Amino acid sequence: MKENVDSVAPSADLRSAPQISEWLASQVAKTLKIERSAVDIDARFERYSLDSLLLVVMMEELEKWLGTPVDPTSPFDHPTIRALAEHLAQQKRGSSLDDGSSTGY
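The rules behind each value
Residues numbered from 1 in each chain as written. Predicted model: local features only at pLDDT ≥ 70, side-chain atom pairs only at ≥ 80, totals over all residues. Heavy atoms only, no water. Helix = DSSP H or I, 4+ residues; strand = E, 2+ residues; numbered from the N terminus. Expected span 1.5 Å × (residues − 1). Buried < 20%, exposed > 50% of the residue type's maximum accessible area, 1.4 Å probe, protein only. Arc of directions from axis to C-beta. Polar contact = N/O pair within 3.5 Å; in protein donor to acceptor, adjacent residues only side chain to side chain.

**Q** Describe helix H2 (residues 52-66), naming the residues involved and giving the relevant values.
**A** The end-to-end C-alpha distance of H2, which contains 15 residues, comes to 21 Å, matching closely the 21 Å that a straight helix rising 1.5 Å per residue would cover. Within the span of H2, buried status applies to Leu55, Met58, Met59, Leu62, Trp65 and Leu66. For H2, the arc enclosing every buried residue in end-on projection is 120°, short of the 170-degree limit, so these residues lie on one face. Exposed and facing more than 90 degrees away from the buried side of H2 are Leu53 and Lys64. Backbone nitrogen of Leu53 and a side-chain oxygen of the N-cap are separated by 3.2 Å at the start of H2; the cap is Asp51. Gly67 sits one or two positions beyond H2 and adopts a positive phi of about 75°.

Dropping the structure here:
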């Protein structure tokens, strides 16, 4: 049975940049009522006329899906689906490696 990507929190192996990209692209398509195939992950969010309110709501949903905090301003600092997904995946990897035992060397 195939699980719905909208409602299922991913396990650690699903938090890769491609998985986050797919989730974001699907959400953009759903929001704009267009086919997923029409969403270019390298296009700037502004291309899709997503206003700041829609992006903040999308970041809240992404936060729920990932099960980790997402800065609501992230789409402004990382203005494409691919850039944002890579940033979030890298951030997740960094937080999983940072167990507080770093010596700073």
